[in-house]
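Each chain is listed here by its residues.
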Amino acid sequence: MAEQALGAENFQKFDSSRQTPQGLFVRYGAAILLLASASLVTFALANLGTHTAQLFVFILAVAVAARFGGFGPGIMAAVAAVLVADFFFIPPVHQFLPSRETFPQFAAFVACVFAGVVLAFPRRRADDSSARRGGVRPAPPQSQVEPIQSAEIRRRAELTAAGDVLASVQQKKILIMGLPGAGKTTLANALVPRLNAVHLNGDEIRANIDKELGFSHEDRLEHARRMGWLSDRIVATGTYAVADFICPTEQTRAAYGDAFVVWVDRIQSGRFEDTNAMFEPPTRCDVRVSAEGPPEYWAEQICEKLVPTFDPKAPTALFVGRYQPFHDGHKALIEEGLRRVGQVCIAVRETHGTDEKNPFDFHTVKQRIEVAMAPYRGRVLIVRLPNVTNVYYGRDVGYKIERLVLDEGTEQISATSIRKLMNG
């Protein structure tokens, strides 16, 4: 997948690097250092008799420390501010009331408090101006519409953060969005057969499942969330899910969730004025469909991005086996090869019928492998091999031979036991 999906920022509110022990040490250390420096300034100002300025400096320091440190250090900083201010501030706080003589100092105090609040708590982004101009009600807070991450989405995000080769497994959740009448359904109808995908049409879902939903912003968010949930269930089976609906705003696209986004941008305005008013062009899409070219052309362009092509000249890991039958242990082994090299060739030995341990012919074995390795389509090549029983090599062969040892549970998986279960 070329880029992160639009919904990622909604359920990844913080940088994962800040959750590491090193990140926490830096954050807390910065907050403590700032508070210590402010305390020293407070001491110095108190000794100089600058009784009001000392607290102002400390307020700003506490705000910045809370911003650096986060919620925990912010609470600690607030407690420390109260204690230090109560101990050092002369005259006492309860005597520091606005009057003609003290008004300038009081105004400076209020200004510092306001600046501290601005520093400690960043403001949320304002509602989109185009939505306001269109008369659309402001959307509810993001926290009310955040989609729940599926296990596969979390796994893919973790792999991406770790720089893992398997993170490049192609996205199977596809969103085709755009203005009404742009050609979304026509494109989906051309794409679905090429991917053997399940098609979720927004109008059909509304007619059969979301009958109670209207076209307010809140109802559109719920409609997008349900479309995303259905797509996740389909993808969990290893199948492509293609959803086509307007999905007009950044929030609705975030509610749909992590996806390969196709923006059908073939018209300037749609059939419905209210939809035109609220429509927000996506800030990121994987494919932008222009007015040039038929649906079949764009379906091929999308497929080229979704399904990589096996490169016979690229570094490749070779696995040779009988796979009678292909099971999860084999899959884990091949996934390790994918991690290390990037693509693999699975050579199936032709042993069918040689004894009771080899009941499956090549085509049966190949079909099981294709189903199991479907997420890595385009990076796995399955070939038929004679019944190779001996492997010899000379010097400087140009490749490395290595046994991959997996975890104990995977190593214990037995093809013999699986065959017995299959035979009843």
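The structure reproduced in this document is the subject of the present report. One numbering rule holds for all chains: residues counted from 1, following each sequence as written. Local features are withheld for residues below a pLDDT of 70 in this predicted model, meaning they are given only at 70 or higher, and side-chain atom pairs are given and counted only at 80 or more; totals for whole chains, interfaces and linings count all residues. Excluded from the side-chain calculation are hydrogens and water; included are all heavy atoms of the structure.

Another point: the environment of R368. Tracing the backbone shows R368 in helix α15 (residues 362–372). Remark: exposure states derive from per-residue accessible area (1.4 Å probe, protein chains only) relative to the maximum for the residue type, with buried under 20%, exposed over 50%, and partly exposed in between. The class of R368 is partly exposed, set by a relative accessible area of 33%. When the C-alpha positions of R368 and Y323 are compared, they lie 9.4 Å apart, and in sequence the two are 45 residues distant. Setting aside chain neighbours within four positions, we find R368 in contact with P325, F326 and M422. Each helix is a run of H or I in the DSSP string that is no shorter than four residues. Each strand is a run of E no shorter than two, and both are numbered from the N terminus. The criterion used for residue contact is that any of the two residues' heavy atoms lie within 4.5 Å.

Attention now goes to helix α14 (residues 328–341). With 14 residues, α14 extends 20 Å between its outermost C-alpha atoms, agreeing within 8% with the 20 Å of an ideal straight helix rising 1.5 Å per residue. Among all positions of α14, only G329, H330, I334, E335, E336, G337 and L338 are buried. Lining the buried residues of α14 we find β6 (317–321), β7 (344–349) and α16 (408–411). In this scheme, a helix's expected span is set at 1.5 Å multiplied by one less than its residue total.

For the rest of this paragraph, the subject is the sheet that holds β7. Note on sheets: strands pair through backbone hydrogen bonds, and any given pair is parallel or antiparallel. Ordered by their spatial adjacency, 3 strands build an open sheet running β6-β7-β8, and the pairing between neighbours is parallel. Edge positions in the sheet fall to β6 and β8 (380–385), since each has one partner strand and no second. Strand after strand, the sheet turns through a mean of 20° between neighbouring axes, direction not considered. Strand direction decides the pairing type here: β7 and β8, joined by 6 bridges, are parallel. Within the sheet, the bridge partner assigned to V348 lies in β8 and is R384. In the packing of α14 onto the sheet, contacts are made with β6 and β7, and the angle to β6 comes to roughly 165°. As a rule, the C-alpha atoms of each element are fitted with a line to give its axis, helices using only the stretch in contact, and angles between N-to-C directions run from 0 to 180 degrees. α15 rests against β7 and β8 of the sheet, and its axis sits at about 165° to β8. Pairing between two strands requires that DSSP report at least two bridges joining them.

Here the term cavity refers to a set of points on a 1 Å grid, laid over the protein atoms alone, in which a 1.4 Å probe fits but cannot get out; the term pocket refers to an open set having protein on both sides within 12 Å along at least five of seven lines, with lining residues being those that place an atom within 4 Å of a point. Grid points are joined across faces, edges and corners, and a volume is the space filled by probe spheres set on the points. The calculated volume of the second largest pocket comes to roughly 1400 Å³. Surrounding the second largest pocket, 37 residues form its lining, L318, F319, V320, L333 and E402 being those nearest its centre. Only β6, α14, α16 and α17 (415–422) provide two or more residues apiece to the lining of the second largest pocket. At 7 residues, α14 tops the list of elements feeding residues into the lining of the second largest pocket.

With that out of the way, let us pick up the pairing of β7. When you tally the buried positions in β7, you get 5 out of 6 residues, the bulk of the element. Sheet topology places β6 next to β7; 5 bridges connect them, and they run parallel. Looking across to β7, one finds that V320 is bridged to A347. Convention used here: a crossover is right-handed provided that the path from the first strand, over the helix, to the second strand proceeds clockwise when the strands point away from the viewer. This β-α-β element, β6 to α14 to β7, shows right-handed connectivity.

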